[in-house]
Amino acid sequence: MTKALSIVTERVDDIPLLLAQIEGMGIPELLETHFEAHGNWIGTGIGWTTAVWMARILSQGDHRLSWVEKWVGERVETLERSTGGLVLATEWSDDRLGIILDLLSEEESWQEFESALNRRTIRVYDLKRERVRLDSTTASGHWEVTEDGLFQFGHSKDHRPDLPQLKVMLSTLDPLGMPVATQVVSGETADDPLYVPAIKQVRDSLDVIGLLYVGDSKMAALATRAFVQAGGDHYLCPLPKTQLSDATLAEYLAPVWADELEPTPIFRTDATGERKEIAVGFEREMTMTHQTAERVLIWTERHLVVRSHQFAKASEDALRKRLETAQAELLLLNERKRGKKRLETRVEMDEAIQAILKHHRIKGLMKLTVSEQVDERPVRAYGEHPAGVRIKRTFTLQAEVDEAAAQAETRSFGWRVYATNSPLHSLSLEQAVVAYREEFLIERGFGRLKGKQLSLTPMYLQSDKRATGLIHLLSICLRVLALLEFQVRRRLAENNDRLAGLYAGNPKRSTSRPTAEMLLEAFQNITLSKVVANCQRYRHLTPMSDLQKTILALLGMPTAIYDRLAVDSS
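Residues numbered from 1 in each chain as written. Predicted model: local features only at pLDDT ≥ 70, side-chain atom pairs only at ≥ 80, totals over all residues. Heavy atoms only, no water.

Chemist: Explanation requested: the overall build of the protein in the structure shown.
Modeler: Each helix and strand counted, the protein has 19 helices and 16 strands in total. For the protein, whose C-alpha radius of gyration is 32 Å, the value lies well above the compact-globule estimate of 25 Å for 570 residues. Among the 570 residues that make up the protein, the fraction classed as buried is 48%. Taking contacts inside the protein between residues at least 6 apart in sequence as the whole, the part at least 24 apart equals 67%. Carbon together with sulfur atoms contributes 50% to the accessible area of the protein, which is approximately 28800 Å² in total. Considering the protein, the positive charge centre built from 72 side chains and the negative charge centre built from 79 side chains are found 6 Å apart. (Helix = DSSP H or I, 4+ residues; strand = E, 2+ residues; numbered from the N terminus. Rg over C-alpha atoms; globule rule 2.2 N^0.38 Å. Buried < 20%, exposed > 50% of the residue type's maximum accessible area, 1.4 Å probe, protein only. Contact = heavy atoms within 4.5 Å. Areas by Shrake-Rupley, 256 points an atom, 1.4 Å probe, with all protein chains shown as cover. Lys, Arg positive; Asp, Glu negative; His and termini not counted. Charge placed at Lys NZ, Arg CZ, Asp CG, Glu CD.)

Chemist: How should helix α11 (residues 309-331) be read in this particular structure?
Modeler: Since the α-helix advances by 3.6 residues per turn, residues separated by three or four positions end up pointing in the same direction. Counted at 1.5 Å a residue, the expected span for α11 with its 23 residues is 33 Å, and the 33 Å between its end C-alpha atoms agrees. Within α11, the full set of buried residues consists of Ala312, Ser315, Leu319, Arg322, Leu323, Ala326 and Leu330. (Expected span 1.5 Å × (residues − 1).)

Chemist: Just checking my understanding: could you explain helix α9 (residues 222-230) for this structure?
Modeler: Residues Thr224, Arg225, Ala226 and Val228 constitute the buried set of α9. Packed against the buried residues of α9 are α8 (195-206), β5 (212-214), β6 (234-238), β8 (275-291) and β9 (296-308). Gly232 lies just past α9 and shows a positive phi near 85°.

Chemist: Teacher, can you tell me more about the environment of Glu301 here?
Modeler: Along the polypeptide, Glu301 turns up in strand β9. For Glu301, a relative accessible area of 0% puts it in the buried group. Glu301 sits 141 residues away from Ile442 along the chain, and the two C-alpha atoms are 25 Å apart. The residues touching Glu301, leaving out its near neighbours within four places in the chain, are Arg225, Tyr235, Arg284, Glu285, Met286, Met288, Ala419 and Thr420. At a separation of 2.7 Å, a polar atom in the side chain of Glu301 contacts the side chain of His303. (Polar contact = N/O pair within 3.5 Å; in protein donor to acceptor, adjacent residues only side chain to side chain.)

Chemist: Any chance you could explain the packing of helix α7 (residues 107-124) against helix α16 (residues 464-494) here in plain terms?
Modeler: When two helices pack together, their arrangement is given by the angle between the helix axes and the distance between those axes. Between α7 and α16, whose axes approach to 12 Å, the crossing angle comes to 5°. With respect to each other, α7 and α16 are oriented roughly parallel. Two secondary-structure elements touch here, α7 through Glu107, Trp110, Phe113, Glu114, Leu117, Asn118 and Thr121 and α16 through His472, Ser475, Ile476, Arg479 and Leu483. Of the residues in the contact of α7 with α16, the class split is five nonpolar, four polar and three charged. (Axes fitted to C-alpha atoms, helices over the stretch in contact; angles between N-to-C directions. Parallel < 35°, antiparallel > 145°, perpendicular 65-115°, else oblique. Nonpolar A, V, L, I, M, F, W, Y, C, P; charged D, E, K, R; others polar.)

Chemist: What exactly am I supposed to notice about unusual backbone geometry here?
Modeler: For residues besides glycine, phi is generally negative; the peptide bonds are generally trans as well. Cis geometry is adopted by the peptide bond preceding Pro175, which originates at Asp174 and carries an omega value of 0°. Among the structural elements, Pro175 can be located in the loop between β3 (165-173) and β4 (178-186). Thr457 connects to Pro458 through a cis peptide bond whose omega is 0°. Relative to the helices and strands, Pro458 resides in the loop between α15 (440-450) and α16.

Chemist: In this structure, what is going on with the nonpolar core? I would like to understand it.
Modeler: Side chains of a nonpolar character, in soluble globular proteins, are inclined to be buried together. Membership of the largest hydrophobic core comes to 131 residues, with the highest contact counts inside it found for Leu166 and Tyr562. Counting 22 residues, the second largest nonpolar core, distinct from the first, contains Leu357, Ala399, Val401 and Ala406. (Core = buried A, V, L, I, M, F, W, Y, C linked by side-chain atoms within 4.5 Å.)

Chemist: When you look at the sheet that holds strand β15 (residues 527-533) in this model, what are you seeing that I'm missing?
Modeler: Within a sheet, adjacent strands bond to each other through the backbone by hydrogen bonds, running parallel or antiparallel. On the basis of which strands lie adjacent, the open sheet formed by three strands has the order β1-β15-β16 and antiparallel pairing. Each edge of the sheet is formed by a strand with only one pairing partner; in this case those strands are β1 (6-11) and β16 (536-541). Within this sheet the neighbouring strands show an average axis-to-axis angle of 15°, counted without direction. Pairing of β1 with β15, which is carried by six bridges, proceeds in the antiparallel orientation. For Val8, the partnering residue across the bridge sits in β15 and is Lys530. (Pairing = 2+ DSSP bridges.)

Laid out in structure tokens, this is it:
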């Protein structure tokens, strides 16, 4: 009598790769060390429970707690052979995952874990500790606002001021863009006071002196710069008008405008290896003084005065556009048109002109000539009204661009002043400009955090504690992506090689800088089939492609992390 045929298929995809990467970073072990579970916790430990959840988030781009149990139940064989432990789907219930978020939200334990993870990652993957980039972002959602709660109304970087938000401050290690410190604060918190605590956290975590901290203009508060200087580190940030006024900038630029100073060209190497001039600039040295609680700090600060060609051209194009639009509006002021009210007094005409100039921000950049025509017409007497003369005034406006004034305006476009206490031999003018322009490294992290890959928003949590825990969890996931990408790019650079086959529809196209998303996408549609027939059990794994084997080799991973899924057929 023939037994029935049974076939069960599991989606494997990138799960073994992700779990191998997570294990290689020591995440399960460190989680077990720094977070203590409740005494009633049984089964899979916190470390591997979190690791499997992270694999699901990174593979599916979905952090929802309620979907994880079903996902695990559909991949039991894959997860058991990848983790080396017994997998019961019920151990990934939303209640259990909620406990993990509660644990991750404990600030003291989290900082200890983060520091330990940083030290291990830097040691194992031989990462340089030279430059840290700091910035913040907001995450908006339909949350209930409570007094002293995490979700508050504030300046929204998502352009949703109508929604409450929380704020995330990230400190990332260049050139990976890998987080080394994460802070979660309430949504109304200003950015300026977040930098000092973030730098303290990085110092405690990386335990190294002489780092270069790169931030935007909100890091430029004198107290923040003094704090970095006092700790033996360096900073690089643009100065806002509150720190350097337009009058001071004009004083800096006066020798340039008088042709007494020739700015130095600044070059940058693009993706093709070609060096292109992107800016010009020069330096000035300033003596800075700041009174702290303990002492008076005095140090030398370099002011890097830089004009970006692209920024200057974009600003000039925008001005020309405004001038053109304003000129057209001015010439139509007294157009004769049915239903359009005519301006009958000089006061009305002047007010209309000033309104247009103010709206387009071009005051003093137009030559305006107003002509007045007076038309007198006799009026016959009628009724009680005697005969007289009716006076009608008509105004004509001529408007043209004042080219001399426009040229004087455009010469100040594109200039920006950066402040740094780093010595010239450590950070040249060109190196400083290029370093600041790599701000995209941290912006990519924010894009991943809030975008499809990690999907911070929308957030399906209402608890402040669990929201904080989730952001901490996603910051670990962000580390996984950043390190995975960095490993492959570094190995390709060492071998002077390129990777082909990642672009759909164009298999011959290659790149030396593949993204983590592209690398994981290459492992889609790998399946494990379990066949039972005539009391015999067989396993079949989709054969690995050459591209997949190459990626694993670049990551230093054996193909055995996939091959072991199909062994022990009996």
